[in-house]
Structures are given as C-alpha cells and as structure tokens.
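# Descriptive structure summary
For reference, the chains in residue letters:
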Amino acid sequence: MKQNPNELYPIGYPDLVDYFWSMSHAIYSIGQIAEILNPTSFSAWNDAKISKLVIDSRSIIDPEESLFFALNSKRDGHEYLKDAYDNGIRNFVISDEKYLKQFPDANVLLVKDVLIALQTLAASNRKQHDLQVIAITGSNGKTIVKEWLYQLLAADFDIVRSPKSFNSQIGVPLSVWQIENEHNMGIFEAGISKTGEMESLETIIRPGIGILTNIGEAHAEGFSSHKEKLLEKLKLFKDTGLFIYSPEYTEGLNPNELPGKTKFSWSLKQKADLRILFTEPIEGRNYVRAKFKGEEIECLIPFRDKASLENGIICWAALLALGYTPHEADLRLEKLTHVGMRLELKTGINQCSVIDDSYSADTSSLAIALDFLNLQNQHPKKTLILSDLVETGKNDQDLYTEIAALLKQKNLNRLIGIGPHISQSAASFEMESSFYESTQDFIDNFPAIHFNNETILVKGARKFEFERISKLISQKIHDTVLEIDLNALSGNLQFYRNKLKPGVKVMAMVKAFSYGSGSFEIANLLQYHKVDYLAVAYTDEGVALRKAGISMPIMVMSPESSGFEAIIRHQLEPELYSLDILKSFTGFLNEHTADYPVHLKIDTGMHRLGFEEPDLSDLLKILQESNKVKIISVFSHLVASEDPEHDDFTNHQLQRFTAIADQIQSGLNYTFIRHISNTSGISRHPAAQLDMVRIGIGLYGFDCGIANNKGLQTVAVLKTTVTQLKHIKPNETVGYGRKGVLPEGGTIATVKIGYADGYNRKFGNGVGKMLVNGTLVPTIGVISMDMCMLDVTGLNVKTGDEVIVFNGELTIAQLAKQIDTIPYEILTNVSQRVKRVYFYE
Ligand SMILES: *Cc1c(COP(=O)(O)O)cnc(C)c1O
C-alpha cells in the first residue's frame, strides 16, 4: 500500500496546520464555557462572547471573541500567554496556576489538562447539535475521501467538514467546534498514532456513519500488532448505524468485532455488497464495473492513479450505502475534481517566489496559506493575489473587513484583488493594493503590473482559474522536477525529536543544498521549527542562506581562508579542525574582536578532519592566550553509527571524544556544547546524544540504521514526462553505441532525464527502472546527457504521461542498490538544473 505521509497526524506532531490554527464559529459566553469545562479555578473579568478557539498566539483575527488554549504540545503554550495578551486576547484556558492572576483584566480558566478542556468543549458543541455525522478513518485517503464526499453531497446538505487534514487530537476538536445550527451534515476525519487515542476522538465526533478507508503500514510502531491497530481505529465507529468498509482491510476480525448496526462492504476480491468485477483505465480515467444487488453497474472515476481509484470506489460505496441510485452515483462521481489542498512553492519571474494555491478561496484555507507565506524570509516583500471569496452566510462588508484584518495581522505588504466583490470592498484594505474585475482583466493588464523580489501567494476560487495567473508569474518548469514534501520533512524531524532526551539540542545538516532537496526553502522550515543550529559545508552555502533571510546560527564545516571575510560579515560560525586553521582564523579576526563563535572538530576515528590528542596542549595554549574566539561547541563524527558490527568502535569513538572534550573543558573557564551523533547515531545510540545531535539524511527520509526506514516519510519525488514514443522494428537499435536492442521490436518512450540531471549512466541498459502509469519499466540503451529511453512495449502510454524516477514506492534505496551506491549519493546527485517544487499542506 502506498503510504501518503500527509495523512498522518499523531498527537503532539508539530504540524503547522494544527499549530497555527484558530477556528471560529459557535458562539458561547465565557460563563457557559466555564460551566462546560468545570475549571479548578475561574478568574472572571467580563462576560465575553467566544466564537474562536485559538492555539497559537500569532494567528489571532478577532481577539475579543477568541479563547486561547495554552496547549503543551511542542512548546509550553504558557510561554505564549503574554504574546496572546499583547495581541488583545482576554480569555485563556491554562493549566499552570502561576498564571491565574497574571492578567487582571482577563478571563482565565484554570484546568487540569488544557488539551482535554479543548476536547471537552468541542464534544459539548457536538452534543448541542443534531446532524448526520460521517466519520472517516484509515491509513490513507482520509482527506481525499472527505473532500470528495463533500463534493458529492454538497448539493443535498449543508455540510461542515474538517479543514485540510485536521484529524489529530487537536485538529478534530477544532473541526467539530465549527458546527453551527445551519448544518445538517458533518464530515470529519480522525487519525491516530497509538492506542488509546480513538476513544477521545469518538466522543468528540460521535458519528452516525463510519467509513474505514484502508489499513496500511503507517504508524504501526505505536501499536503492538496489526489487529490492535485495526481494533483501535474501529473504536471510532462503535455506535454507528452504518459502517462502510472493505473486508480486505478487516481480515483477521470476527464478524462480531465489526461495528455498525448495518454494514456496507466493497471488495475487488471477495463477496461484498459492492463487488468490483474489474477496473480499466480509459483516457486518463478509470472505468469500474461492479455487482450490486444482483445487477451489474458501472461508473467512471475521473482519475487514473491507483490511490484515486480506491478512494473513488470508497465514495461510490458510500453513495450507494446512503441510498443514491447507481445512475445518480455515476453522474456525480464523474464530476469529481482534484482536491487542491497542496500549496506549491516555486520559483517565479523577476526574483520572486510563487506560492500556488489556485483551487480554493475561503477564510480558513486563506489563513493557512498566509501562514506559509509568512514562513518565507527570502524576499523583503509579501504579496497576495486573491479572488472573491466563496463564503456562505456572510455579507461582503463583514467578510472583507475580516479578511483585511487578517492580512494586516499577517504583515502582508501588497494585495491584488480579483473579482467584483473584493473590488467593491477595496476601501477595507489599508495596504498597497490594486483591483481587477476578472482574471482576464488582470491578464490584459499584466504587462503593466510590476513584480520584483517578492513572495507572491496566488489564492483563488476554482472558477477564477488562477492557474492562468500562476503560469504567468512562475518560471517555466521543465519536464523534470524534484518535488519536496515539506510536511514529510517536518514529520521526520519530529520522529527524531521524539527520540531525544529532554534538553538535547538539534543541529540540522543542510549541506549540499540540503542533500539535494533545496536551500532556503528547507532552512526556513527548520528555522520555523526551532532547530538550534544549521550546518553547511561551505561558506558560500551559508552566505546564500543569510541572503535569503535565515537568521539562526549556522556552522560552516569547511571554512576556506579565502572565505573568512564573508564568514565574519555574515555572522557564520566556522568549524576549526586544525591548529593551522585556528591560527589563521584568529589571525584574521581584528584585534578588537572578542568571543567570535567557533566550533572545534575532533578526530576520533574518521581520519578526515579534526584535532587529535597531541594537538591539545597547543590548542589550549592558543585559546588561553586570546579571547578572540569562543568555543561554542566541540564535536566529532561517528564513522559507522548505522552498523551493529561496528558498535564497539562507535563506543570507542564516544569514549575517546569524551576524554578529549573533558581535557579541553578543563582548560577553559566556560562550557561548550558537545555533539557526536548523526542520524543513525540518534536512532541507534541513545548514549551518544550528549548535548546536541546532528541530523542529516534522516530529515530527508533515510536512515541506514533503521530497517526499511520504518517510521520515516518520503520527502523527495523525482518525476518527468514522456516526451516521445517510437515503434522499433525487430533488431533496430536504440541510443548511442547501438547498445539498446529489441529483438522482437517494440515501443520505446523517450524521457528528458539524463546523466547531467543526476541520472547515473550506470542505470542504462535495463539496470535502472522507472514507473510509467504505475508500471515498472526498464531503461533501454545507454543513458544520454539529457535524455534516456524506456522500454514500454505492450503498455498503454501516451506522450505527456508522467514518469516517476523515484518516490515512496520506487525508492531511492532501491535505486542506490541497482547501481551499488548509497541513498546519499542518489539524492545529492539530482543536479541543480532540475527544478525543485515544494509542497506544503
Ligand atoms: C553530513 C554530516 C552529518 C550528518 O550525517 P547523516 O548521516 O546524514 O545524519 C553529521 N555530522 C557531520 C560532521 C557531517 O558532515
């Protein structure tokens, strides 16, 4: 089963979405809320009306009506109380008594557990409302199935649904808080990562209808067995009237262990209410035939990939289970559209960056996109191109006043509004702004509109077709792109953070363009996630990060003396690894400099760079004679932390390092940070965590110390497209040197990726394989500089079809094996001419 990392939201997971969120709707007085929460203590000030729940002090739109929850997730929410107060919030739920009297002019509820309070409040809002509630859980597809059901049912119901993939212990209560009187249907997703979590989600959602999408390997680590995971998930449905599932995913359970008064099953393999007979791709869509109530029925799912096919079948089953006729279901399914939840960050014209979100425009998704915009430091100016919002139930005046406040709070510099409604509300916006009646109007005027060195967020409702705008302002992307999933990268960071003892710092290795994955785009994310240090290999890399607005400490591992001036000018911190370089760096510092931060590298066995024992007395002498430099950290590098065979040597390195660091410490009158662990060191040698760890390849989804990288998410996908197809006659040859032969003849596809893009020549002649429409096909002939050919004989392939070079299914680890190298090399070899596109959900 293909694993979609973006579906995963374990508790405490610092996903930006949950963290940044504030959710509005229901209105309660603070007194009513106190009754619901039954706080240990309530320091009351006024009888505020609360419509919004806030969990981040930075995302506050309407402070008077907001209730701030000081959640302890990644950081202690109490640290942000003052911020929230300064931003105008006067209503707080806290668990630390200390703060009870801190704000005399505020309502403060003291509770035992802030998260439970948030959940209790949401559960209570759910109980107040009588509506049909569908809950969705499973390993993959939750968000797509939820969004598609919304598309399929919106004509018949007033639906409230989880925004984006809000499905965690925090996301679910924020979703359910949105329920209002006008709604007669709710569609919510729930995700868990360990036992015990589903019960609380069940009490909040209280679904009448349950859908299990599927069960994969995701998050198996939080459970003792597959069955345990399954049973835990099914707790969500314990009181449902209708349960929709596939027996293929509930194998091993007795019929009486399945929930739901009525059940509706679908299957491709066994007897079921909806028994799929066959599926067949036709022109980019999937035709599906099935048996239902003794008759053969059919539908067209307008997507061709496997995951969409399954999600489509689940939606089909749901429509039939809800009583729609097969004919009606087919009509609706055919109109399903792509769920545009992904924000794309790409390179724009005139030194701009473009964040593309041209598929939806409502207040909640706008707030999330603006947060992502705010994460970008690479340009001084932030611009938003926004269409009319499609919002029900609000008049323009209120809606655009709220939007204007939101834009102001997010420090937006420039607004381009497109559409009659936003244009009429022009007066609400105080920043630099211009307005156009329609997308065409904007495009007609485009030559006269200036963009330069700014980050541009393009956000429009589907009918405005903003993809036309985003095409105009984005640099043309060639056929081959490396897609980087920023959520997966955050998830991997958290995976390792969870393994650290309290207080252990993190240095993130972003050398070699973040292992090929990007530069400031990745650094911005890591800076946002508050890692303690970044490390690059060369001065130039550090300078580039500084120029892109990265302000956190950066260590440079190979500081060449010609770069000292740049190091100092950009406040970079050199790694000093020999007496020579120490002397030349201190010599370079001007005589008035004191305590310039530097790092000492110790050689404990790598024999690459670093001080050794005999150097120590001279080293200490220099350090004692001058205070020009200050040792911020002393570190070494493990040579085989991933390999159990060398664990003795790893321990030996650790001991040696400790002895040397102790010796340095004894000669200094201040302390420094000690670090030795790399990625596999973190996963395999807890004793080596010391004061800080250096995480490299693990961030990008690989750890040679963990079998099959279990628990890590795929960050990078390299893809290209079929440029041309050719029919080859028997014994004709393909490519340079006539190396490719098809004795029987056949069809080849030319794709635009060659060794200059990083696709090694060793992949030629069938050694390498790529995925074309889901089928693994071999290369044929040699790999050229810019292109190579694939043998697609017998397959249904067209020019323009997508070709995967590596992804979560065809992994970098497999590629590395094919040509006898390591994942590090495959990843860092993807050349800079391959455009990077960043995704964020
Ligand atoms: C690259 C590097 C790391 C990171 O190693 P990973 O195995 O990728 O985690 C750590 N320390 C130093 C000195 C490095 O050069």
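Above this text is the structure in question.
Our next topic: the sheet that holds strand 23 (residues 505–509). Note on sheets: strands pair through backbone hydrogen bonds, and any given pair is parallel or antiparallel. One closed barrel holds the eight strands; their spatial order is 23-24-25-26-27-28-29-30, and the pairing between them is parallel. Each neighbouring strand pair of the sheet contributes to a mean axis angle of 30 degrees, computed without reference to strand direction. Pairing between strand 27 (residues 596–601) and strand 28 (residues 629–635): six bridges, direction parallel. Bridge pairing links Leu600 to Val634 in strand 28.

Strand order in this open sheet of nine strands is 8-9-7-10-11-12-13-14-15, and the pairing throughout is mixed. Looking at the sheet topology across the chains shown, the edges are occupied by strand 8 (159–161) and strand 15 (295–301). This sheet shows a mean twist of 20 degrees between the axes of neighbouring strands, independent of strand direction. Pairing analysis gives eight bridges linking strand 13 (residues 274–282) to strand 14 (residues 285–292), with the strands arranged antiparallel.

Counting residues in each nonpolar core, the largest one holds 184 residues, and the members touching the most others are Phe69, Ile385, Phe442, Leu534 and Ile664. Considering every element that reaches this core, the biggest residue donor is helix 11 (residues 363–375), with eight residues. Phe69 has contacts with Leu53, Val54, Ile55, Val93, Val114, Ala117, Leu118 and Leu121, leaving out every residue within four places of it along the chain.

The next thing to look at is the side chain of Asn107. As for its placement among the helices and strands, Asn107 is situated in strand 6 (residues 107–110). A polar contact is formed between the side chain of Asn107 and the backbone nitrogen of Trp45, at a distance of 2.6 Å. A distance of 2.8 Å separates polar atoms of two side chains, one belonging to Asn107 and the other to Asn46. Every residue in contact with Asn107, bar those within four places of it in the chain, is listed here: Ile30, Phe42, Ser43, Ala44, Trp45, Asn46, Ala48, Arg90, Asn91 and Phe92.

Among the five residues in strand 9 (residues 185–189), five count as buried, and that is most of the element. Burial along strand 9 is two-sided: Met185, Ile187 and Glu189 facing one way and Gly186 and Phe188 facing the other are all buried. Pairing of strand 8 with strand 9 involves three bridges; the strand directions are parallel. When the bridges of strand 9 are listed, Ile159 appears paired with Met185. As a crossover connection, the stretch from strand 8 through helix 6 (residues 171–176) into strand 9 is right-handed.

Tracing the backbone shows Ile631 in strand 28. We classify Ile631 as buried; its relative accessible area is 1%. For the pair Ile631 and Ile664, spaced 33 residues apart in sequence, the C-alpha to C-alpha distance is 9.9 Å. When neighbours within four sequence positions are excluded, Ile631 is seen to be in contact with Val598, Leu600, Leu623, Leu668, Tyr670, Thr671 and Phe672.

Attention now goes to the site of the ligand. As a matter of local geometry, the ligand sits amid Met509, Lys511, Tyr515, Met557, Arg608, His637, Asn678, Thr679, Arg694, Gly696, Ile697 and Tyr824. Contacts to the ligand include His637, whose side-chain N or O atom sits 3.5 Å from a nitrogen atom. Contact between the ligand and Asn678: an oxygen atom at 3.0 Å from a side-chain N or O atom of the residue. The fraction of the free accessible surface of the ligand (380 Å²) that becomes covered by protein chains is 94%. A per-class count over the shell around the ligand returns five nonpolar, four polar and three charged.

Cut-off values and rules
Starting from 1, residues in each chain are numbered consecutively following that chain's sequence as written. Thresholds applied to this predicted model are a pLDDT of at least 70 for local features of residues and 80 or more for the giving and counting of side-chain atom pairs; totals over whole chains, interfaces and linings are not thresholded and use all residues. As a rule here, side-chain values cover all heavy atoms of the structure and leave hydrogens and water aside. Two strands pair if DSSP finds at least two bridges between them. Labels follow the DSSP assignment, with helices taken as runs of H or I lasting at least four residues and strands as runs of E lasting at least two, numbered in each case from the N terminus. All axes are obtained by fitting lines to C-alpha atoms, using only the stretch in contact for helices, and the reported angles, taken between N-to-C directions, cover 0 to 180 degrees. Here, the term nonpolar core denotes a set of buried Ala, Val, Leu, Ile, Met, Phe, Trp, Tyr and Cys residues that are joined through side-chain atoms within 4.5 Å. Accessible area is worked out with a 1.4 Å probe on protein chains only. A residue is then buried under 20% of its type maximum, exposed over 50%, and partly exposed in between. We call two residues in contact whenever any of their non-hydrogen atoms come within 4.5 Å of each other. Two N or O atoms count as a polar contact when they lie within 3.5 Å, although within protein this holds only if one can serve as hydrogen donor and the other as acceptor, and sequence-adjacent residues are included solely when both atoms are side-chain atoms. When the strands point away from the viewer and the connection leading from the first strand across the helix to the second strand turns clockwise, the crossover is called right-handed. What makes a residue near a molecule or strand is one non-hydrogen atom of that residue sitting within 4 Å of it. What sets the accessible areas is the Shrake-Rupley method with a 1.4 Å probe; for residues, cover comes only from the shown protein chains. Gly falls in the polar group here, along with every residue not listed as nonpolar (Ala, Val, Leu, Ile, Met, Phe, Trp, Tyr, Cys, Pro) or charged (Asp, Glu, Lys, Arg).

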